[in-house]
Amino acid sequence: MTRPRRKRPGSPRPRLLPIALGATLIAGVAACAPASGDPMHNAAQTSNCVGAGVDGAGTAPAAQDSRLWKRVFVDSFDRCDLGDRWGTYSGSPGGNPVGRWDASMVRVHDGVLRLSGEKTATGWTTGGVSNYPVTQTYGRWEVRMRATDSADLSYHMLLWPKDEQWPPEIDFAESIASRRDQMSAFVHWVDARNGDGDNKKAHAEVSGDFGDWHTVGVEWLPGLIRYLLDGRVWAEVRDPVMVPTVPMWLGLQVEAGACERRADWGMAPCSPDEPRPTHGEVEIDWVAVYSPIDDVAAFTSAGYLTPTPGAVQLGAS
């Protein structure tokens, strides 16, 4: 469950990628209308770097359905540095006083991006990265990932607004489950229908073994969010008030304080038999980003206008 927090993307901030999509994609549904400026560290550790991928991680997709999506970015991390399309987080996560982000917890090695968490005498240090140069309005994002067990560390894969005015926020894969057997999806928005402008959220949960490799993702279109797990739509948002309309970028992060969050939120506290190692990590084998084609008829014929059978429908109530 996400709480408001300030993220720290790297800078400089390159131009936005061009996006072309009509604002009336979803028929009958009108489209609704981390701290900034830190120098980009790109300080992923490079000692003894091996470029090949790890076993079982999978292969980055060459393309998505070309009738619907155009690939604008893919990264398989087959090198020894973070690269200029990513920036590392630094400082303390807003809304989470436990731990701090540092570039030393970001490493590219063996063909994967590793975001780590380390407990030291002074507290937890964790890693996070922004894909700020690939900011866009609407699209499809996919991440091939797995996470080690930890009751103290949570992971969050999300879309964050370019103007840093929260909300909105789309969390398509996050977990505070210590044994990585459950994952959540969230959407945060401002509900102005009653004139109060309250910050609202809705979420859904899915079970699985997220200590093993899975592809998590999200499709975001005018009036529609579809959450993906291994290519399957498992949850959706179809209320246009809940769906962002501003440019957003991808953030990938590990945070400390999962046990404290569970206590704050009235959940079952961490028990003595839960795994509490002093080191944990999330491995990311590849990231792919797509923009939607400007063809409403193609999305209509592909079934995007109707609810996906079996998918959880997130509502505003």
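Cut-offs and rules
Residues numbered from 1 in each chain as written. Predicted model: local features only at pLDDT ≥ 70, side-chain atom pairs only at ≥ 80, totals over all residues. Heavy atoms only, no water. Phe/Tyr/Trp six-rings, centres within 6.5 Å; stacked < 30°, edge-to-face > 60°. Buried < 20%, exposed > 50% of the residue type's maximum accessible area, 1.4 Å probe, protein only. Helix = DSSP H or I, 4+ residues; strand = E, 2+ residues; numbered from the N terminus. Pairing = 2+ DSSP bridges.

(A) Looking closely at the packing of aromatic side chains. Following the criterion strictly, the structure yields nine aromatic pairs and no others. Ring centres of F77 and W86 lie 5.8 Å apart, and the angle between their planes is 40 degrees; on these two criteria the pair is classed as tilted. Per residue, the accessibility class of F77 equals that of W86, and both read buried. With a centroid separation of 6.0 Å and 50 degrees between ring planes, the pair formed by Y132 and W249 is classed as tilted. Pair noted here: Y132 is in the loop between strand 9 (128–130) and strand 10 (139–147) and W249 is in strand 18 (residues 248–256), with a separation of 117 residues, a long-range link. Relative accessible area serves as the criterion here: at 0%, W249 is assigned to the buried category. Aromatic rings pair up to connect W69, F299 and Y304 into one cluster.

(B) Inspection of the pairing of strand 8 (residues 123–126) at higher detail. Bridge count between strand 5 (residues 100–101) and strand 8: two bridges; the pairing is parallel. Across the sheet, R100 pairs through a bridge with T125, a residue of strand 8. As paired elements, strand 7 (residues 112–120) and strand 8 share four bridges and run antiparallel to each other. Across the sheet, residue T120 finds its bridge partner in strand 8, namely G123.

(C) Focus on the pairing of strand 11 (residues 153–161). Counting buried residues along strand 11, nine of its nine residues qualify, which places the element largely inside the surrounding structure. The alternating pattern of strand 11 places L153, Y155, M157, L159 and P161 and S154, H156, L158 and W160 on opposite faces, both of which are buried. Examined bridge by bridge, strand 11 and strand 18 share nine bridges and lie antiparallel to one another. The residue of strand 18 that forms the bridge with L159 is L250. One ladder, built from five bridges, connects strand 11 with strand 12 (residues 169–175); its direction is antiparallel. Across the sheet, H156 pairs through a bridge with E174, a residue of strand 12.

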